Amino acid sequence: MPIRPTRRKQGGIFKRQDSPYWWASVPTAGGGRSRRSTGVTVEDDPNGLKALAIRANWMASGETQATGDGASFDDLMLAYLTKVSPTKRAPERDRWSAKALYAIFSGRTLASIGAPEVRGYIASRTADGIAPGTINKEVGLMSAALNWARRELEWDTLNPWQSRRQREPSGRERWLTQEEAQCLLSEAQRRGDRTAHLVDFIVLALNTGMRPGEMLRLEWGRVDLPRCRVEFGATDQKNGKSGQVPLNEAAREALSSRASFRALHCPASPWVFCAKDGERIVNIRKAFTSCVQSAGLEDVHPHDLRRTCGSWLIQAGVPIERVSELLRHADVAITHRVYARLRPSDLADAISVLDHEGIRLSR
């Protein structure tokens, strides 16, 4: 049952205990009344003036039906990508997933997309060779959007996308040797100014273990070169905590290179990785993949640079707990699962202690 509004305002808008938005009461086509979110937060509009204007526009245009009846896939995606996705740490991920979904479902009503259609979509994407992880993100987007519409817009619609997660293979273990990393970096350098940002991206990733998305969303306001660190707020990183990443000399040089580029082309840009017009570089995958191929390497993704950093640290003898701190894992168990296998000598050293303390067989 929907939660009753805690306070109704004159004009048909009200607050709800479970929502940050102003809600509006509007008449339905059948003569009743329905409630829907205006998409305007109470914090941004404390007096409800914007919310009242939105409700008035709905009434004037006849847009009064809020049950979701007749709503299309396009209606749902437009609402979710406009109101919810921008609040996420990586909104571009939703846009990539939506692009694949639009190709199949654009123009269709939500009522026409049931379990058979969802199964067919998953089967088709699998047959096209799309990775289970990618399919899961697309299915997850639809499920999250429908749940949001049911909760915030009170659409009376089913969610056939829920609990359709595909089994993903065990995590990637690819990391680069020193020789492979040098080949990749040399190829990026050989390409000159057009991939100068890629050189700095590779160096920074290998020397900090930062995630690709963290680097591409990094703003100069969080870079402290004098103190040799990058600051992270709770919304800046995956574990949802504040923290910092120390910078060694190579990482400082990469950031200094980016600072010189900014000073020359776009002094006002807040982004560390930006184009000459100051706009943020959103994706480096195409340039990175081309560079990997030209360098004669196989199966290397941008995130593998982070894993390479961790692998080199472990092989250099850095305690796994310290590596976990540097990579900002939410739990040291994650670090153990990914990197402990790279220290087989540790186990041999540990068990050798029993040569002195253990029981020996008499022969």
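Residues numbered from 1 in each chain as written. Predicted model: local features only at pLDDT ≥ 70, side-chain atom pairs only at ≥ 80, totals over all residues. Heavy atoms only, no water.

Colleague: Would you mind showing me how to read the layout of surface pockets here?
Modeller: Over the atoms, a rolling probe the size of a water molecule traces out where space has been left empty. The space that makes up the largest pocket amounts to roughly 2300 Å³. Arg93, Lys137, Lys238, Arg285 and His303 are, among the 45 residues lining the largest pocket, the residues nearest its centre. Breaking the lining of the largest pocket down by element, the ones donating at least two residues are helix H3 (91–105), helix H5 (132–152), helix H8 (212–216), helix H11 (304–315) and helix H13 (332–339). Ranked by residue count, the leading element in the lining of the largest pocket is H5, at five residues. The residue inventory of the lining of the largest pocket, partitioned by class, reads 14 nonpolar, 10 polar and 21 charged. (1 Å grid on protein atoms, 1.4 Å probe; cavity = no way out; pocket = protein on both sides within 12 Å on 5 of 7 lines; lining within 4 Å. Points joined across faces, edges and corners; volume = space filled by probe spheres on them. Helix = DSSP H or I, 4+ residues; strand = E, 2+ residues; numbered from the N terminus. Nonpolar A, V, L, I, M, F, W, Y, C, P; charged D, E, K, R; others polar.)

Colleague: Any chance you could explain the pattern of salt bridges here in plain terms?
Modeller: According to the stated counting rule, one finds 16 salt bridges in the structure shown. We note a salt bridge from Arg229 to Asp224, for which the minimum N-O separation is 3.9 Å. One salt-bridge network, in which partners are shared between bridges, spans Asp224, Arg227, Arg229 and Glu231. (Salt bridge = Lys/Arg side-chain N within 4 Å of Asp/Glu carboxyl O.)

Colleague: Explain the packing of helix H7 (residues 196–208) against H11 here, please?
Modeller: Running from N to C, H7 and H11 point in directions that differ by 40°, and their axes come no closer than 7 Å. Classified by the angle between their axes, H7 and H11 sit oblique to one another. Read as a crossing pair, H7 and H11 show a hand that is right-handed. Two secondary-structure elements touch here, H7 through Phe201, Ile202, Ala205, Leu206, Asn207 and Thr208 and H11 through Leu305, Thr308, Cys309 and Trp312. In terms of residue class, the contact of H7 with H11 is made up of seven nonpolar, three polar and no charged. (Axes fitted to C-alpha atoms, helices over the stretch in contact; angles between N-to-C directions. Parallel < 35°, antiparallel > 145°, perpendicular 65-115°, else oblique. Left-handed = near helix turned anticlockwise from the far one by under 90°. Contact = heavy atoms within 4.5 Å.)

Colleague: Can you walk me through the confidence of the model for the protein chain in this structure?
Modeller: Parts of the prediction with low pLDDT should not have their coordinates interpreted in detail. Predicted confidence across the protein chain gives a mean pLDDT of 83, with 84% of residues reaching 70 or more. Counting contacts from residues 1–8, a segment whose pLDDT is below 50, to residues more than four positions away or on other chains yields 15 contacts. (pLDDT = per-residue confidence, 0-100.)

Colleague: What should I look at first to understand the pairing of strand S6 (residues 229–232) in this one?
Modeller: For a regular strand, the rule is simple: side chains alternate between the two faces of the sheet. Alternating positions in S6 separate cleanly, Val230 and Phe232 being buried on one face and Arg229 and Glu231 remaining unburied on the opposite face. Bridge count between strand S5 (residues 223–224) and S6: two bridges; the pairing is antiparallel. Across the sheet, the residue bridging to Asp224 is Arg229, located in S6. From the end of S5 to the start of S6, which pair antiparallel, there are four residues, and Cys228 there has a positive phi angle of about 55°. Pairing between S6 and strand S7 (residues 243–246): four bridges, direction antiparallel. Note on S7: the bridge partner recorded for Phe232 is Gly243. (Buried < 20%, exposed > 50% of the residue type's maximum accessible area, 1.4 Å probe, protein only. Pairing = 2+ DSSP bridges.)

Colleague: Would you mind showing me how to read the sheet that holds S5 here?
Modeller: Whether parallel or antiparallel, the strands of a sheet pair through hydrogen bonds between backbone atoms. In spatial order, the strands read S5-S6-S7; together these three strands make up an open sheet with antiparallel pairing. Either end of the sheet is taken by a strand with one partner, and the two such strands are S5 and S7.

Colleague: What is the right way to read H7 from this model?
Modeller: For an α-helix, 3.6 residues make a turn, and residues three or four places apart therefore share a direction. Taking 1.5 Å of rise per residue, the 13 residues of H7 would be expected to cover 18 Å, and the 18 Å separating its terminal C-alpha atoms lies within 8% of that figure. By the criterion of burial, H7 is predominantly enclosed, with 11 of the 13 residues buried. Those residues of H7 not exposed but buried are His197, Leu198, Val199, Asp200, Phe201, Ile202, Val203, Leu204, Ala205, Leu206 and Thr208. Backbone geometry just after H7 places Gly209 at a positive phi near 75°. (Expected span 1.5 Å × (residues − 1).)

Colleague: Help me understand H5 in this model?
Modeller: Here H5 contains 21 residues, and its C-alpha end-to-end distance of 29 Å stays within 8% of the 30 Å for a straight helix at 1.5 Å per residue. Following H5 by one or two positions, Glu154 adopts a phi angle in the positive range, close to 55°.

Colleague: How should the state of the cysteines be read in this particular structure?
Modeller: In protein chemistry, a disulfide is the covalent bond that joins the sulfur atoms of two cysteines. The full count for this structure, using the stated rule, is zero disulfides. Of all cysteine sulfurs in the structure, the one in Cys274 sits closest to Cys266, which takes part in no disulfide; the separation is 3.5 Å. (Disulfide = S-S within 2.5 Å.)

Colleague: Looking at this structure, how should I read the nonpolar core?
Modeller: Side chains that are nonpolar tend, in soluble globular proteins, to be buried together. Grouped together as the largest cluster of nonpolar side chains are 37 residues, with contacts concentrated most on Leu184, Ile202, Val230, Leu255, Phe288 and Leu305. In terms of residues, this core owes the most to one element, H7, which gives eight residues. Setting aside anything within four residues of it in sequence, one finds Phe288 in contact with Leu184, Leu198, Ile202, Val300, His301, Pro302 and Leu305. Ranked by size, the runner-up nonpolar core spans 27 residues in total, among them Ala79, Ile135, Ala145 and Trp161. (Core = buried A, V, L, I, M, F, W, Y, C linked by side-chain atoms within 4.5 Å.)

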